[in-house]
Amino acid sequence: MNDRETVLSARGLSKSYGQVQAVADVSFDAERGRVVGFLGPNGAGKTTTLRMLLGLVRPTSGQAHALGVPYRQLRRPLRRVGVSVEADAFTPGRTGRDHLRCYAGLAGCGRKRIAELLDLVDLTEAADRAVRGYSTGMKRRLSIATALLGDPDALVLDEPASGLDPDGIAWLRGLLRGFADEGKTVLLSSHLLDEMQKTVDDVLLINRGRMLYSGPLEDLLTPQACVVRPAAGSDEGIRHALEARGHGVHALADGRLRVGTSRQEASAVVAESSSGAGSAIVEPCTLESEFMRLTRADTAHAAGSATKGSAL
Ligand SMILES: Nc1ncnc2c1ncn2[C@@H]1O[C@H](COP(=O)(O)OP(=O)(O)OP(=O)(O)O)[C@@H](O)[C@H]1O
């Protein structure tokens with residue numbers, strides 16, 4: 001197998017629910033050895049796409065493949081693609097250990113693997129308690145253990161970090177990195193952008209069901225752009241100074257400005273502006289800044305098109 005082997009893929013995937021276009025013509029490849037973050041605002045279409053990939057939702061059009069075939073055609077799927085998409089899908093009266101036992105047969109593993117995984121997700125002590133008494137984070141850990149049971153080639157995880165405490169989130173980051181470093185593939189959705197910036201190799205960014213960006217994180221975080229945080233009262237002056245020099249400026253949700261030039265150039269413009277040096281902090285782009293820039297621009301574009309359409 002070569003390094004750039006596609007493990008999970010979508011081609012022209014679309015899904016409509018009546019008038020709602022949940023996913024529109026989405027294509028991507030998640031490659032071997034990569035952690036791929038699937039990001040987007042609420043209602044963007046992430047869960048619907050993951051569910052189509054896993055054969056849980058039938059696409060209106062397009063195809064999704066796991067290891068070269070539709071997920072439902074995989075033989076021994078738990079050994080190929082580990083899945084955590086509904087962290088609450090447990091029988092409440094069953095213990096954590098019994099839950100894993102139910103899937104162990106399908107995953108082709110025995111008691112030893114169950115004990116190892118309970119240990120890995122820090123549930124050994126709680127293993128013989130009913131899942132109904134588990135906290136949200138404990139259920140999430142059990143769901144992750146279930147995904148890992150068959151020692152699969154790939155993991156598909158929908159918001160795996162939600163409900164985990166800070167130690168748990170750091171643990172998950174290490175787990176996913178180690179998994180990818182073994183040459184396996186992770187596709188995960190999350191709203192925790194700082195965490196995703198520390199975790200992922202590639203980014204899929206979706207908004208209104210459409211793919212806005214698909215590629216390496218490092219290409220998204222280009223040094224040819226930066227984030228300017230103006231001091232109170234300086235924002236208008238700094239914005240005008242940057243725009244007067246021909247730099248594209250996008251206001252982020254929290255008053256910061258995402259600027260299409262290097263940090264060095266932005267710092268020089270700030271220093272020369274009427275507000276003067278020290279009136280703003282200039283920082284590198286982050287996954288959060290690029291997420292906000294791309295999704296806000298796309299949403300504004302859609303709103304503009306809708307207004308134009310209704311005026312006709
Ligand atoms: N079963 C369904 N019936 C009708 N509409 C649906 C259904 N499932 C999803 N949708 C709609 O499809 C769109 C995408 O939803 P989806 O759950 O895929 O988004 P998401 O990106 O996972 O959102 P979140 O970040 O909030 O979990 C939304 O408008 C949602 O209301």
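Scroll up to find the structure.
Anyway, here's the lowdown on the structure attached to this text. This is a predicted model, so every value here is computed, not measured. (Residues numbered from 1 in each chain as written. Predicted model: local features only at pLDDT ≥ 70, side-chain atom pairs only at ≥ 80, totals over all residues. Heavy atoms only, no water.)

**Overview of empty space enclosed by the protein**
Enumeration over the complete set of coordinates arrives at one cavity of 30 Å³ or more. A volume near 50 Å³ is recorded for the largest cavity. At the level of secondary structure, the elements contributing two or more residues to the lining of the largest cavity comprise α6 (166–181) and α7 (193–199). Residue contributions to the lining of the largest cavity peak at four residues, all from α6. Class assignment for the residues of the lining of the largest cavity results in seven nonpolar, one polar and two charged. (1 Å grid on protein atoms, 1.4 Å probe; cavity = no way out; pocket = protein on both sides within 12 Å on 5 of 7 lines; lining within 4 Å. Points joined across faces, edges and corners; volume = space filled by probe spheres on them. Helix = DSSP H or I, 4+ residues; strand = E, 2+ residues; numbered from the N terminus. Nonpolar A, V, L, I, M, F, W, Y, C, P; charged D, E, K, R; others polar.)

**Regarding the packing of aromatic side chains**
Applying the stated rule across the entire model yields one aromatic pair. Their ring planes at 45° and their centres at 6.1 Å tell us that F28 and F38 sit as a pair that is tilted. Placement of the pair is F28 in strand β2 (residues 20–31) and F38 in strand β3 (residues 35–39), with a sequence separation of 10 residues. For F38, a relative accessible area of 0% corresponds to the buried category. Just above the ring of Y17 sits the side chain of K15; from NZ or CZ to the centre is 5.3 Å. For the cation-ring pair, R141 lies above W171, with the distance from its terminal atom to the ring centre recorded as 5.3 Å. (Phe/Tyr/Trp six-rings, centres within 6.5 Å; stacked < 30°, edge-to-face > 60°. Buried < 20%, exposed > 50% of the residue type's maximum accessible area, 1.4 Å probe, protein only. Lys NZ or Arg CZ within 6 Å of the ring centre and 35° of its normal.)

**Remarks on the pairing of strand β6 (residues 154–158)**
In terms of burial, β6 is largely enclosed, as five of its five residues are buried. Of the two faces of β6, both are covered, the one formed by A154, V156 and D158 as well as the one formed by L155 and L157. Pairing of strand β5 (residues 81–84) with β6, which is carried by four bridges, proceeds in the parallel orientation. Of the residues in β6, the one forming a bridge with V83 is V156. Sheet topology note: the β6/strand β7 (residues 185–189) ladder contains five bridges and is parallel. Each bridged residue has a counterpart across the sheet, and for L155 the counterpart in β7 is V186. What joins β6 to β7 is α6, and the crossover it makes is right-handed. (Pairing = 2+ DSSP bridges. Right-handed = clockwise from strand over helix to strand, strands pointing away.)

**Regarding the site of the ligand**
In the vicinity of the ligand, 13 residues are found, and the nearest of them are G43, K46, T47, T48 and H191. One nitrogen or oxygen atom from the side chain of N42 is found 2.9 Å from an oxygen atom belonging to the ligand. One of the backbone nitrogen or oxygen atoms of A44 is found 3.1 Å away from an oxygen atom of the ligand. Of all the elements in the fold, those that place two or more residues in the shell around the ligand are β2 and α1 (46–53). With three residues, the single largest contributor to the shell around the ligand is α1. (Near = heavy atom within 4 Å. Polar contact = N/O pair within 3.5 Å; in protein donor to acceptor, adjacent residues only side chain to side chain.)

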